[in-house]
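Here is what each chain is made of, one letter per residue.
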Amino acid sequence: MYTLLSGLYKYMFQKDEYCILILGLDNAGKTTFLEQTKTKFSKNYKGMSLSKITTTVGLNIGTIDVGNARLMFWDLGGQEELQSLWDKYYAESHGVIYVIDSTDEERLSESKEAFEKMITSESLEGIPLLVLANKQDVENCLSVPDIKTAFSDCAPKIGKRDCLVQPCTALTGDGVNEGIEWMVKCVVRNLLRPPRQKDIT
Ligand SMILES: Nc1nc2c(ncn2[C@@H]2O[C@H](COP(=O)(O)OP(=O)(O)OP(=O)(O)O)[C@@H](O)[C@H]2O)c(=O)[nH]1
Ligand SMILES: [Mg+2]
């Protein structure tokens, strides 16, 4: 009886947990996106003022619940010297959100290099990839087709994993719901993924 009841309790209340990395160059808008996501998806979350966000040294974490899924975000600092820390988190992640500053054409190739290095990591093979073309509120910014063209030679390396390039404005929240809902759908159905490190230990 106990087993039956505890099984029922788990079925009804326990969330499946997924770790989602938020990566991208410094100033792309990762932390702004995380704060906006927490504000949109957590009822009682009193977000910090988006204008007060400063560059991340280390990481920020955040959790939201969407249906039966609990997403735990790790927003890592994007400065060059911090990028070497990204791969320490790959083994435990179930999804990656890669944020691009659509207003910064000058650093687009730098962003592409970091992206390429990340997607070629074996530990991320097969995991869903949400690419955010952020700062779409700024006039004359790069569009999704512009970014897809600039990143086109990465396509073979993305392979068969789920990938979506989503226009987004983290500051106002445009595109945030669409991106998160897509990610939830992908991580939940990504049953082919081998067990994560934490599941083994
Ligand atoms: N116009 C505009 N500005 C944005 C948007 N999202 C973020 N920003 C601005 O971009 C700057 C950098 O944002 P952050 O969220 O700190 O960027 P980050 O990617 O976390 O940067 P690091 O922590 O250094 O890696 C801030 O001044 C934000 O206000 C957006 O959608 N539109
Ligand atoms: Mg940050």
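Cut-off values and rules
- Residues numbered from 1 in each chain as written.
- Chains lettered and ligands numbered in written order.
- Predicted model: local features only at pLDDT ≥ 70, side-chain atom pairs only at ≥ 80, totals over all residues.
- Buried ≥ 20, exposed ≤ 12 C-beta atoms within 10 Å, placed from the backbone.
- Helix = DSSP H or I, 4+ residues; strand = E, 2+ residues; numbered from the N terminus.
- Pairing = 2+ DSSP bridges.
- UniProt positions renumbered as here; feature names shortened; annotations may be inferred.
- Contact = placed C-beta atoms within 7 Å.

**Looking at the pairing of strand β1 (residues 16-23)**
No. 1: With respect to burial, β1 is a largely interior element, 6 of its 8 residues being buried.
No. 2: Across 7 bridges, the pairing between β1 and strand β3 (residues 69-76) is parallel. Looking across to β3, one finds that Y18 is bridged to L71.
No. 3: Direction of pairing for β1 relative to strand β4 (residues 95-101): parallel, over a ladder of 4 bridges. If you follow I22 over to β4, its bridge partner there is I97.

**Concerning the UniProt feature "binding site: Mg(2+)" (unreviewed entry) in the protein**
No. 1: In this structure's numbering, the residues bearing the UniProt feature "binding site: Mg(2+)" (unreviewed entry) are T31 and T56. Spanning 26 residues, the named residues form one tight spatial group whose C-alpha atoms are at most 7.6 Å apart.
No. 2: The topology assignment puts T31 in helix α2 (residues 30-41).
No. 3: With near-sequence residues (within four places) excluded, T31 lies in contact with I53, T56, N60 and D75.
No. 4: Among the secondary structure elements, T56 is positioned in the loop between α2 and β2 (59-66).
No. 5: In this structure T56 comes out as partly exposed when scored by C-beta crowding, with 18 C-beta atoms within 10 Å.
No. 6: Residues in contact with T56, not counting those within four places in the same chain, are T31, D75 and G77.

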